[in-house]
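Analysis of the macromolecular model
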Amino acid sequence: MTLNDDTLRFIAAHRRDDVRALALQAARYPGVDMPAALTQIAGRQTAEAKIPAWAATDGILYPPHLSMEQCSSEVTARYKASVVASHDGPHESLADLTGGFGIDFSFLASLFGRATYVERQEVLCEAARHNFPLLGLEGACIVHADGVEYLRQMPAVDWLYLDPARRDGHGGKTVAIADCEPDVAALEPLLLEKAVRVLVKLSPMLDLTQALHTLEHVAEAHVVSVAGECKELLLVLARDEAPQADDVPIRCVNLSAAGDAFTFTRRREQEAPCPCAEAPRTYLYEPNASLLKAGAFRSLSYLYKVEKLHPNSHLYTSDEPLPRFPGRMFRIEGWCGFGKREVKDLLDGVQKANLTVRNFPATVADLRKRLRLAEGGDTYLFATTLADGRKVLLRCEKP
C-alpha cells in the first residue's frame, strides 16, 4: 500500500481524532485517500492499547478492522515467545503458517536465526513487507501462499506456529478443532514431520479435555487470561513427547497479575481431595478465568488448603488469608440467606456493589434489580449455593 503525501499528513494531523467524525469530512480533503487514512488512524488507535510496541514505531501500516480485531495482543504474543524460549534444543528456524497481521510472528521471530511468515492474503503480506524491517526483522522471509500448501512442500524447521481460523463461512465462531481452518488434528502427523515442536493457538471457547484427547502429541497446554478474561488456549505439540492426555501439564496463567500461575494435570485433578466447608469462613477466593476454564477445581483446594463452598460453586474459603492464591481474594464481612429482613440487615448502608453469581438460579441483572443496587463501589456481593443446598448472599470487601 502506497499513501500519497496529503494522506500521510492527514494521518499525522488527525491520529487521535474520532474516525467517525473524520469520515463525515471527506469532501473537505479531496487529495486524501480517506478510506486508507481512516484505516490507518483507527488501526494505530487500537494498537496503542493492544500492541504498544508497534504503535510506538513510526510508519507501521495497519490492516482493515477485522484483522486488527483478530490479531493477538502484545502481552499474549510475548507470552508465546516465552513458552518457546523455555524449551531447550535448537532455535534456528521457525515458520508461521497463518501469519495474519504478524504480531505473534514478530515476537517469535526474534528468537530464531531464520523465520518464515506465510499468509494467503496479499494485503497482509504487503503490510508485512513494509512493517517487519521497521521492527528490526529485515531477514524475515515473507511467503504469499496457503499455509497448508506451503506446509506440504516446505523444508523441515525447528518450530512451527499456527493460529487456525475460528470462524465459519458465515462469520460464526467455531469451538472444535475439526471446525477450525486448518484442521490441526488432520495435519498433526505432517506438522510433526516438518518440525520438532509446534505451537498452536486455539479458541478459548474450545473444550480443553476434548483437545487433549483429540491430538496425540500434546506435550503441554497453556490457558492464558488477561484482565480477568480467558483469551487463548495454547498447545505445544512435540515429536518425541507424547504423555497420556491425563498427564499433560496444564499451565493456567493470568498475565495481569505477577506470579498468578498454576500448573496441574487431569490425573492429579481427579485424584485430589476437595472438602466442602460447612459455612463461609473469614476469606473468600474466586479463581482467575484461566483456572475456571481449565477446570483446576480440586487441585486448587488441595494445594492451597482451602475448602469449596459447594462442589459446583468454584468459590473457596479459609480462615487465614492466602495472598498468593491465583485469583481474587476477599474478606467476608457477613452473609445471609435470602429472607427479606436478613438481606436488608446485611446490605444496610450499601447503595452500590459489584455483584457476582456462582451456582445460583438467577442472573446478575435479575438479582441487581431485586436488590435495588447500582453497580460499582467497594462492596463485593456473591450470590451462591452452600454445600447443604442453602442459597446465600455474601458481603465482601477487598482486604
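These notes cover the structure that comes with them. Just so it is clear, the structure is predicted and the values come from calculations on it, not from any experiment.

Next up on the list: helix α14 (residues 297–304). For α14, the set of buried residues is Phe 297, Ser 299, Leu 300, Ser 301 and Tyr 304. Looking at the buried side of α14, the elements it contacts are β9 (261–264), α12 (266–271), β10 (283–287), α13 (289–294), β11 (307–308) and β12 (316–318). With its phi angle positive at about 55°, Lys 305 sits one or two positions after the end of α14.

Another aspect to go through is the pattern of salt bridges. Counted under the stated rule, the structure contains 21 salt bridges. Measuring nitrogen to oxygen at the nearest pair gives 2.6 Å for the salt bridge that ties Arg 9 to Asp 6. Of the two residues, Arg 9 and Asp 6 are both situated in helix α1 (residues 5–13); the distance of three residues between them amounts to about one turn of the helix. A single salt-bridge network, built from bridges that share partners, covers Lys 80, Asp 104, Asp 163, Lys 201 and Glu 232.

One way to put it is that α1 packs onto helix α3 (residues 34–50) with a least axis distance of 10 Å and a crossing angle of 35°. The handedness of the crossing between α1 and α3 is right-handed. On the side of α1, the interface is formed by Thr 7, Phe 10 and Ile 11, while α3 contributes Met 34, Ala 37, Gln 40 and Ile 41.

What follows concerns unusual backbone geometry. Going from Glu 181 to Pro 182, the amide bond is cis rather than trans, its omega being 0°. Of note in the backbone geometry, His 314 takes a positive phi value of approximately 60° without being a glycine.

The first and last C-alpha atoms of helix α8 (residues 122–134) sit 19 Å apart over 13 residues, in line with the 18 Å expected at 1.5 Å per residue. For α8, the principal kink sits at Ala 128 and spans about 25°. Among all positions in α8, only Leu 124, Cys 125, Ala 127, Ala 128, Asn 131 and Phe 132 are buried. Where α8 is buried, its residues meet α4 (52–55), α5 (65–70), α7 (103–109), β2 (114–119) and β3 (141–144). Positioned one or two residues after α8, Gly 136 has a phi angle of 85°, which is positive.

Thresholds, definitions, all that
- Residues numbered from 1 in each chain as written.
- Predicted model: local features only at pLDDT ≥ 70, side-chain atom pairs only at ≥ 80, totals over all residues.
- Heavy atoms only, no water.
- Buried < 20%, exposed > 50% of the residue type's maximum accessible area, 1.4 Å probe, protein only.
- Helix = DSSP H or I, 4+ residues; strand = E, 2+ residues; numbered from the N terminus.
- Contact = heavy atoms within 4.5 Å.
- Salt bridge = Lys/Arg side-chain N within 4 Å of Asp/Glu carboxyl O.
- Axes fitted to C-alpha atoms, helices over the stretch in contact; angles between N-to-C directions.
- Left-handed = near helix turned anticlockwise from the far one by under 90°.
- Expected span 1.5 Å × (residues − 1).
- Bend = angle between axes of the 7 residues up to and from the residue.

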